[in-house]
Amino acid sequence: MSTSTFRVEDVPGVAEVAVRLAKPLFTGDLSHYPTLTTTVPKEFVHRAAVAEVMLTGWEDKGDRGGRGDRRFEVTAQWPRSHSFFTPTPDNRHDPLIVAETIRQAGLLLSHAELGVPLAHRFLMGDLSFTAQPSGLLVGDAPAAVSMDVVCKNIKWRGSIPSEVRFETVIRRDGRIIATGSAFCTYTSPAVYRRLRGNGLAAAQRPLPLTAPVPPQSVGRMSPIDVVLSPLNELDCWQLRVNTRHPVLFDHPVDHVPGMLLLEAARQAAAAFLGGDCLPVGMTSEFTRFAELDEPCLIQICVLPGTADGREHLLVTGRQRGETVFTSTVVAAA
């Protein structure tokens, strides 16, 4: 289970500020400023740093098909360079920026359009994406992308949704370059505290930081960004959790973030394939909370029976002998 939270209980007025910032700051004639762009409020995407906000706006496209589904257009910008989502050696945007953009879009629409309070906990059950390598090429300017997002199978608890599936089509210059899906449930702070139980206290005593594998072996340049530690087992590593990482731990949380688990799957695939891996598809399921005070083992194996010229790998994370997440990684040849 991957949970995304942004603690606002102790920040007076933050919800009102976020709603106010979501509205135009200038209501006069904008015809002289046709290219003004800003990010969405960082609170809506559970980020403390404005620099980590990928989304730039959204528009309600109404119901879809009379089934209660809601459709939106969300816009985003991918920087040419990023401290963590670094370009690939062949100058492509990091494919995991697709996953992060889908994650942020789900959070944004949950709060800004579906009415989920900012203090509620956002639990991600699964996240998947496929990307076209040619659509990820880094250009001479940041990549402006648009996302067609359909909120499907919405279940309500009173006036607040309890679960939603987000299906996404991402376009760049009018061309489809990626698709994705995510399933989320929501819970109130009180219910979340009961659900987490001892996990909240355990988060205050995380494991000491373990040694990284060589960065080049997992497609990284700096040991700061390595999330695997070596073990004396073939195709198996210990998850390396640096709670001071400025992107993966943009703000304090009580569990291992889902994006860190996705990065672990990507790095395991890179190590397995020899240090170079372009994940053009990932299908991940989060089944339990990954705790900060227990070792998490990351294992990888080849999935048989694929004949598309790409590597299909299954990455599994286990804690206390129980599976916390699985991720199928499809790597370009």
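Every chain is numbered independently, its residues counted from 1 as its sequence is written. In keeping with the predicted nature of the model, local features appear solely for residues at pLDDT of at least 70, side-chain atom pairs appear and are counted solely at 80 or more, and the whole-chain, interface and lining totals rest on all residues. The side-chain quantities take in all heavy atoms of the structure and omit both hydrogens and water.

Student: Describe the pairing of strand β11 (residues 297–302), listing the residues and the values that go with them.
Tutor: The pairing of strand β9 (residues 236–239) with β11 spans three bridges and is antiparallel. Bridge pairing links C236 to Q299 in β11. Pairing between two strands requires that DSSP report at least two bridges joining them. Under the DSSP-based scheme used, a helix requires at least four consecutive residues in state H or I and a strand at least two consecutive residues in state E, with every element numbered from the N terminus. Relative to strand β12 (residues 311–319), β11 runs antiparallel, the two sharing six bridges. Within β12, the residue paired with Q299 across the bridge is T316.

Student: Give me the side chain of R240: which residues, what numbers.
Tutor: With respect to the helices and strands, the residue R240 is situated in the loop between β9 and α5 (258–273). Only protein chains enter the calculation, and the probe is 1.4 Å; a residue is then buried if its accessible area is under 20% of its type maximum, exposed if over 50%, and partly exposed in between. Positive charges are assigned to Lys and Arg, negative charges to Asp and Glu, while His and the chain termini are left out of the count. Take a side-chain nitrogen of Lys or Arg and a carboxyl oxygen of Asp or Glu: if they are within 4 Å of each other, that pair is a salt bridge. For the buried residue R240, which engages in no salt bridge, the nearest side chain bearing the opposite charge is D225, 8.0 Å off. Of note is the side chain of R240, whose polar atom sits 3.1 Å from the backbone oxygen of P223. For this analysis, residues touch if any pair of their heavy atoms sits within 4.5 Å. Aside from chain neighbours lying at most four places away, what touches R240 is L209, T210, A211, P212, P223, I224, V226, V227, L228, S229 and L260. Two N or O atoms form a polar contact when they lie within 3.5 Å of each other; inside protein one atom must be a possible hydrogen donor and the other a possible acceptor, and for residues adjacent in sequence the pair counts only when both atoms belong to side chains.

Student: Tell me what's going on with the nonpolar core, and back it up with residues and numbers.
Tutor: Among buried residues, those of type Ala, Val, Leu, Ile, Met, Phe, Trp, Tyr and Cys that are joined through side-chain atoms within 4.5 Å constitute a nonpolar core. The biggest cluster of nonpolar side chains holds 80 residues, and the ones touching the most others in it are L55, W78, F129, I170, L239 and I298. Setting aside its immediate chain neighbours within four residues, I170 contacts W78, V98, I102, V145, S146, M147, R175, I176, I177 and A178.

Student: Just give me the short version of the environment of T86, but keep the residues and values in it.
Tutor: When you line up the elements, T86 lands in the loop between β3 (69–78) and α2 (96–112). It is 9.6 Å that separates the C-alpha atoms of T86 and M221, two residues lying 135 residues apart in sequence. Setting aside residues up to four positions removed in sequence, T86 forms contacts with D94 and R220.

Student: Go over the packing of α2 against α5, please, and point to the residues and values.
Tutor: Between N-to-C directions, angles cover 0 to 180 degrees, with each direction set by a line fitted to C-alpha atoms, over the stretch in contact for helices. The contact between α2 and α5 brings their axes to 11 Å, and the two run at 160°. By the angle class used here, α2 and α5 are roughly antiparallel. The handedness of the crossing between α2 and α5 comes out as right-handed. In contact with L96, A99, E100 and R103 of α2, α5 contributes M259, L262, E263 and R266. Under the scheme applied here, ten amino acids are nonpolar (Ala, Val, Leu, Ile, Met, Phe, Trp, Tyr, Cys and Pro), four are charged (Asp, Glu, Lys and Arg), and all others, including Gly, are polar. Tallied by class, residues from the contact of α2 with α5 come to four nonpolar, no polar and four charged. Convention used here: angles under 35 degrees read as roughly parallel, angles over 145 as roughly antiparallel, angles from 65 to 115 as roughly perpendicular, and any remaining angle as oblique. The crossing is said to be left-handed when, going from far helix to near helix, the turn is anticlockwise and less than a right angle, and right-handed when the turn is clockwise.

Student: Tell me what's going on with α5, and back it up with residues and numbers.
Tutor: Here the expected span of a helix is defined as 1.5 Å times the quantity of residues minus one. Under the 1.5 Å per step criterion, the end-to-end length of α5 is 23 Å for 16 residues, consistent within 8% with the ideal 22 Å. Along α5, 13 of the 16 residues are buried, which leaves the element largely enclosed by surrounding structure. One or two steps after α5, the chain reaches G274, where phi turns positive at roughly 105°.

Student: Explain the pattern of salt bridges residue by residue, including any values.
Tutor: What the rule picks out here adds up to 20 salt bridges. The salt bridge involving D126 is made with R165; its shortest N-O contact spans 2.8 Å. Taken together, the residues D126 in strand β4 (residues 121–131) and R165 in strand β6 (residues 160–172) connect sequence positions 39 residues apart. Between R196 and E291 there is a salt bridge, and its shortest N-O distance comes to 2.8 Å. With R196 in helix α3 (residues 189–196) and E291 in the loop between β10 (279–286) and β11, this pair connects stretches of sequence that are 95 residues apart. For the pair formed by R196 and E291, the shared burial category is buried.

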